[in-house]
Every structure is written in C-alpha cells, then in structure tokens.
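# Commentary on secondary and tertiary structure
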Amino acid sequence: MREFLKTLKKIRHEGPDSKNPLAFKHYNPNEKALGKSMADHLRFAVCFWHSFKGTGVDPFGPGTIIRAWEQGVDEMKAAERTLRVAFEFFTKLGVRFWCFHDRDIAPEGQTLAESNKRLDHMVALAKKLQSDTGVKLLWGTANLFANRRYMSGASTNPDPRVFAYAAAQVKKAMEVTQELGGQGYVFWGGREGYETLLNTNMKRELDHMARFLRMAVDYRKAIGFKGQFMIEPKPKEPTKHQYDFDAAACHAFLLKNDLAGDFKLNIEANHATLATHTFHHELQYAADNALLASIDANRGDLLLGWDTDQFPVDLYDTVYAMYIVLRAGGFKTGGLNFDAKVRRQSIDPEDLFHAHIGGMDAFARGLKIAAKMVKDGRFQAFVDQRYAGWSGAMGQKIEKGRVGLKELEAYALKQGEPGPRSGRQELLENMLNEYIR
Ligand code: XUL
Ligand code: CO
C-alpha cells in the first residue's frame with residue numbers, strides 16, 4: 001500500500017510520563033478495566049467527513065486546509081487517494097472503526113444513477129481496504145442536507161419528489177453499509193426542521209418523517225440488514241428548530257409512531273449542549289430508556305455557542321460519559337465516533353494525529369476513572385442510601401401502585417413533618433475530584 005503519511009509512524013502507548021506528543025499516554029488498547037480491554041470498551045471510530053473532507057471553511061472565508069494527496073488529479077482519483085490515506089491514518093492511529101456519509105467517500109455525480117455508480121466504485125475500494133487493514137465500519141449514513149435540493153428538508157420536504165430522492169439515497173446508503181459490514185446506520189436530522197411556521201405544516205412534516213423511517217425499517221427487513229438503526233438528536237443548526245431536538249423529543253416521536261423497537265440513539269456531546277443539556281444528561285436519558293447505542297464524541301465552546309465540533313479533551317465530560325456507559329452495560333454495536341474537526345488553523349496532517357490522540361487519551365482516562373468509581377461503589381452507595389426510603393413499607397406500596405391519595409393523606413397526618421435531608425452536592429463534587437487526578 002502506498003504511504004501518503006510517510007513521516008508519521010504508528011502511534012504507540014508510552015505511558016503517562018512520556019513527553020512524546022505522537023504517543024498515547026493513557027490509551028493502551030489491551031489494558032483491562034473491569035475485566036474488558038480498553039479497545040473493547042471504547043470502540044473508537046474516526047469520522048471520514050471532518051477528518052478527511054473537512055477544509056476549515058467558515059462563514060467568513062473558504063477552506064484553509066489543502067491536502068497534498070488531493071492535488072492535480074480528477075475528483076474520482078482524489079476520492080480514491082483520500083480513502084487510501086484515511087485507512088493509512090486509521091491503521092497508524094490504531095482505531096478499529098470508521099464512519100462515513102455516502103457523499104463523503106464518493107463525490108455526487110450529475111444524476112442519481114451516476115452518483116450510485118461512483119459510490120459502488122468507492123465502496124469496492126473501501127471493502128478492499130477494510131479487509132487489508134482489519135478496520136471495520138461502525139456506521140454509515142446518507143448526506144441528505146448538503147445538496148440544494150434538500151434546502152427545505154429531505155423526508156420533511158414540502159415536495160414529495162424530494163422525499164423520493166432522499167428515500168432512494170437512503171436505500172442505497174443502507175445497501176452499501178450492509179455491503180461493508182456496518183454495525184449501525186445513523187439518521188441525523190440534517191435539514192429536518194423549519195425556519196418559520198409561516199411556511200411550514202409541522203404536523204404533516206413530522207408524519208412524513210415517520211413514514212420515511214417506517215420505509216427504512218421495512219427495507220432493512222427486506223434485505224436482512226442487521227445493523228442497529230439510530231437517530232442522532234440535535235436541537236438547531238442548520239435549521240432554527242430541528243425536529244429531533246433532544247433524546248426525549250426523539251423518544252416521544254419514536255413512541256408516537258410505533259418505531260421505538262427499531263431505533264436507538266446516537267448521542268453527540270455538542271448537540272446535547274446546544275439543547276442546553278449536559279452531554280451526560282442526554283446519555284443518562286438514553287440509558288434509562290434502553291436507547292443508548294452510540295456516541296459522537298466531541299465538545300462545544302461555551303463562548304461561541306454553536307456547533308464547533310471540537311475534539312473532546314475535558315476530563316469531567318469523559319468521566320461522566322464513561323460512568324454512564326459502564327453502568328448501562330457498555331457499547332454493543334456502537335462506539336465512540338470522533339465527530340470532531342481540527343481547527344481552521346490546524347492545517348497539517350500531523351494535527352489530525354494530535355487531535356485524535358488527545359481525544360482517545362481523554363476517553364481512556366475517563367474510562368479508567370469511571371471504572372474505579374464503579375468498582376469503589378461510593379457514589380452508588382450514596383444514591384442508594386438517598387433513596388432507601390423507597391425500599392421501606394410505604395415506599396414499596398407507592399411504587400407498586402397499592403395506595404392512592406386517600407391512604408397517603410392518612411399516612412402523612414400520622415407521620416407529621418418528614419424533615420428534609422441534605423443532598424450533599426459539595427461533598428460529592430469533592431469526592432469526584434479525588435478520582436480525577
Ligand atoms: C451534524 C452531525 C452529523 C451526523 C451524521 O451535526 O453530527 O455529522 O453525525 O450525519
Ligand atoms: Co454527529
């Protein structure tokens with residue numbers, strides 16, 4: 001295999017005292033936490049769109065990132081080279097998974113038929129590269145938001161011809177995801193939302209979105225695709241109001257439309273914060289409702305307040321996240337996909353390594369710390385003790401639905417004032433800091 005990233009070697013674990021920026025300090029794939037290897041716990045994936053198609057474009061100027069391997073060749077040759085470089089990168093970084101949108105790996109053609117042909121060509125190459133390197137596909141998806149035909153949405157477009165085009169694209173993207181052994185398929189809302197209710201029939205659009213997802217479920221069954229279907233919540237961007245606002249909104253939509261058994265969620269950190277939730281709130285909601293399948297690992301910036309998609313380096317975030325993932329039983333088909341992009345000034349291929357090494361080390365530390373928290377059981381013991389009354393006679397009667405307001409009134413009159421107890425937040429925050437070091 002031709003090397004494009006010649007100067008960059010395989011990234012190895014050198015331990016916490018290493019000063020080598022191109023080495024892992026904490027991520028050690030075979031090291032065990034709670035009886036399972038770090039690689040199996042974390043299931044890292046590189047996302048193709050940001051890391052290999054991102055150019056650093058922002059609203060004030062065009063891209064700043066120019067990749068040498070894409071220069072001086074036609075767009076299909078550039079696509080082939082980019083895919084080869086990506087697999088070289090995955091291998092040198094030591095990740096076991098990748099994720100892509102149809103249009104990231106194969107540029108769109110003049111017609112749908114040509115786009116499909118181009119995609120087939122690139123999928124054949126991806127299949128070969130997967131088998132040469134052992135890197136697997138975590139999930140695939142379709143880009144139903146970049147082309148101008150989707151400016152008013154895909155499945156929620158006022159024009160059924162656009163709905164049909166999007167359906168055709170999802171059908172094909174699902175087929176190629178299956179061809180590549182994808183463990184999941186993601187539906188992120190793209191432009192499914194609205195800018196103004198003055199031109200929008202929200203009820204009709206949401207019914208169409210449900211119809212679209214139902215068709216996808218039917219087709220998955222027809223072709224025997226076993227991958228996990230996921231919805232990725234996001235509250236805004238690109239539209240002012242995205243329909244898949246947050247985990248709870250997605251859950252309600254799935255329940256209403258009898259789709260809850262067919263979908264789980266892919267929770268993205270920066271989408272959670274855009275919804276004015278914490279990342280761990282969204283993870284906990286998903287876990288509590290058996291909806292937590294996968295994570296798009298990144299972070300936002302409080303001062304910017306938009307979807308900056310930065311690489312995750314905040315230890316509190318990774319500790320909280322892994323504490324929830326571990327207690328939810330870990331990833332099955334999902335993993336940690338770095339849906340994150342290097343900054344506009346980070347123009348060298350080397351920056352892609354720094355970004356991923358930092359993210360992987362931050363999650364490895366998060367995992368180690370969270371595993372210790374689970375093992376010690378101090379936080380769990382506190383919570384159990386706080387709710388201990390519910391295991392008592394009256395608590396159980398309430399939980400089992402054996403009493404009503406009348407019985408509770410009699411009980412309260414007899415009991416008198418319950419007497420409040422401290423929630424001990426500061427004590428618990430200090431205890432968390434004992435672990436984060
Ligand atoms: C957009 C986003 C997407 C999805 C896949 O904010 O997160 O890249 O992850 O379509
Ligand atoms: Co995402």
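All figures in this text were calculated on a predicted structure; none of them were measured in a lab. (Residues numbered from 1 in each chain as written. Chains lettered and ligands numbered in written order. Predicted model: local features only at pLDDT ≥ 70, side-chain atom pairs only at ≥ 80, totals over all residues. Heavy atoms only, no water.)

## Considering the site of ligand 1
- Close to ligand 1 lie W49, H101, W139, W188, E232, K234, E268, H271, D296, D307 and D339, which account for all nearby residues.
- Between H101 and ligand 1, the recorded distance is 2.7 Å, taken from a side-chain N or O atom to an oxygen atom.
- Considering ligand 1 on its own, with 290 Å² of exposed area, one finds that the protein chains cover 94% of that surface.
- For the shell around ligand 1, the class distribution of residues is three nonpolar, two polar and six charged. (Near = heavy atom within 4 Å. Polar contact = N/O pair within 3.5 Å; in protein donor to acceptor, adjacent residues only side chain to side chain. Areas by Shrake-Rupley, 256 points an atom, 1.4 Å probe, with all protein chains shown as cover. Nonpolar A, V, L, I, M, F, W, Y, C, P; charged D, E, K, R; others polar.)

## Description of the coordination of the cobalt ion (ligand 2)
- Those protein atoms acting as donors to the cobalt ion (ligand 2) are E232 (OE), E268 (OE), D296 (OD) and D339 (OD), and they sit at 1.9 to 2.1 Å.
- Because the angles between the six donor atoms bound to the cobalt ion (ligand 2) fall within 80 to 172°, the donor set is best described as octahedral.
- Written as a sequence motif, the donor arrangement for the cobalt ion (ligand 2) is E-x35-E-x27-D-x42-D. Remark: D339 occurs in the loop between β14 (336-338) and α12 (349-376) and E232 occurs in strand β10 (residues 228-232); sequence separation between them is 107 residues. (Donors = N, O, S within 2.8 Å, 3.2 Å for Na, K, Ca; no water. Tetrahedral: all angles 85-135°; square planar, octahedral: opposite > 155°, others 65-115°. Helix = DSSP H or I, 4+ residues; strand = E, 2+ residues; numbered from the N terminus.)

## Let's talk about empty space enclosed by the protein
- Tallying each qualifying case throughout the model produces one cavity of 30 Å³ or more.
- Of the pockets and cavities examined, the largest cavity occupies roughly 30 Å³.
- Lining the largest cavity are Y27, A39, R43, F44, G94, V95, R96 and F97.
- Class assignment of the residues belonging to the lining of the largest cavity gives a composition of five nonpolar, one polar and two charged. (1 Å grid on protein atoms, 1.4 Å probe; cavity = no way out; pocket = protein on both sides within 12 Å on 5 of 7 lines; lining within 4 Å. Points joined across faces, edges and corners; volume = space filled by probe spheres on them.)

## A word on the pattern of salt bridges
- Inspection of every chain in the model, using the stated rule, returns 21 salt bridges.
- Residue E108 is joined to R149 by a salt bridge in which the shortest nitrogen-to-oxygen separation is 2.6 Å. Residue E108 is found in the loop between α4 (102-105) and α5 (112-133), and its partner R149 is found in the loop between β7 (136-141) and α6 (160-179); the two are separated by 41 residues along the sequence.
- By relative accessible area, which is 25% here, E108 ends up partly exposed.
- Taking relative accessible area as the criterion, R149 reaches 22% and is therefore assigned partly exposed.
- For K127, the salt bridge goes to E179, with nearest N and O atoms at 3.0 Å. In this pair, K127 sits in helix α5 while E179 sits in helix α6, placing the two residues 52 residues apart along the sequence.
- Look at the salt bridges and you will find they share partners, linking D102, R103, E108 and R149 into a network. (Salt bridge = Lys/Arg side-chain N within 4 Å of Asp/Glu carboxyl O. Buried < 20%, exposed > 50% of the residue type's maximum accessible area, 1.4 Å probe, protein only.)

## What to know about the domain arrangement of the protein chain
- What the domain assignment reports for the protein chain is domain 1 (12-376) and domain 2 (380-435).
- Between domain 1 and domain 2, the residue contacts involve nine residues of the former and four residues of the latter.
- When the two sides are added together, the surface that domain 1 and domain 2 hide from each other amounts to roughly 560 Å², 59% of it contributed by carbon and sulfur.
- The largest share of the area that domain 1 buries against domain 2 comes from Y316, I369 and M373, three residues that together contribute 55% of it.
- Applying the counting criterion to the domain 1 and domain 2 interface returns zero salt bridges.
- For the pair domain 1 and domain 2, the number of links is two residue pairs in polar contact (both at pLDDT 80 or more).
- Here the side of domain 1 that touches domain 2 gets five residues from one element, more than from any other, and that element is helix α11 (residues 315-327).
- Here the residues of the side of domain 1 that touches domain 2 sort into six nonpolar, no polar and three charged. (Domains from an automatic or database assignment. Contact = heavy atoms within 4.5 Å. Buried area = accessible area lost by both parts, 1.4 Å probe.)

## Some thoughts on the packing of helix α3 (residues 75-93) against α12
- Put simply, α3 and α12 touch, their axes get as near as 11 Å, and they point 40° apart. Classified by the angle between their axes, α3 and α12 sit oblique to one another. Of the two elements, α3 crosses α12, and the hand of that crossing is right-handed. Facing α3, whose interface residues are F89, K92 and L93, α12 presents L352, F353, H356, I357 and M360. (Axes fitted to C-alpha atoms, helices over the stretch in contact; angles between N-to-C directions. Parallel < 35°, antiparallel > 145°, perpendicular 65-115°, else oblique. Left-handed = near helix turned anticlockwise from the far one by under 90°.)

## Concerning the nonpolar core
- L42, L83, F90, L93 and W98 are the most contacted members of the largest nonpolar core, which totals 112 residues.
- It is α12 that contributes the most residues to this core, twelve residues altogether.
- Both domain 1 (12-376) and domain 2 (380-435) contribute no fewer than three residues apiece to this core.
- When sequence neighbours within four positions are dropped, the list of residues in contact with F90 reads V46, F52, V95, W98 and V135.
- Counting residues in each nonpolar core, the second largest holds ten residues, with F97, V186, M230 and A293 among its members. (Core = buried A, V, L, I, M, F, W, Y, C linked by side-chain atoms within 4.5 Å.)

## Looking at the pairing of strand β8 (residues 184-188)
- Of all five residues that make up β8, four are buried, and the element is covered over most of its length.
- As paired strands, β7 and β8 are joined by two bridges and run parallel to one another. Residue W139 lies in a different strand from β8, and its bridge partner there is G184.
- For the handedness criterion, the β-α-β arrangement of β7, α6 and β8 is classed as right-handed.
- In terms of strand pairing, β8 meets β10 through five bridges, oriented parallel. Residue pairing in the sheet places W188 in a bridge with E232 of β10. (Pairing = 2+ DSSP bridges. Right-handed = clockwise from strand over helix to strand, strands pointing away.)

## Structural notes on α12
- With 28 residues, α12 should cover 40 Å at 1.5 Å per step; its first-to-last C-alpha distance of 41 Å lies within 8% of that length.
- A positive backbone phi angle near 70° is found at G377, which sits one or two residues after α12. (Expected span 1.5 Å × (residues − 1).)

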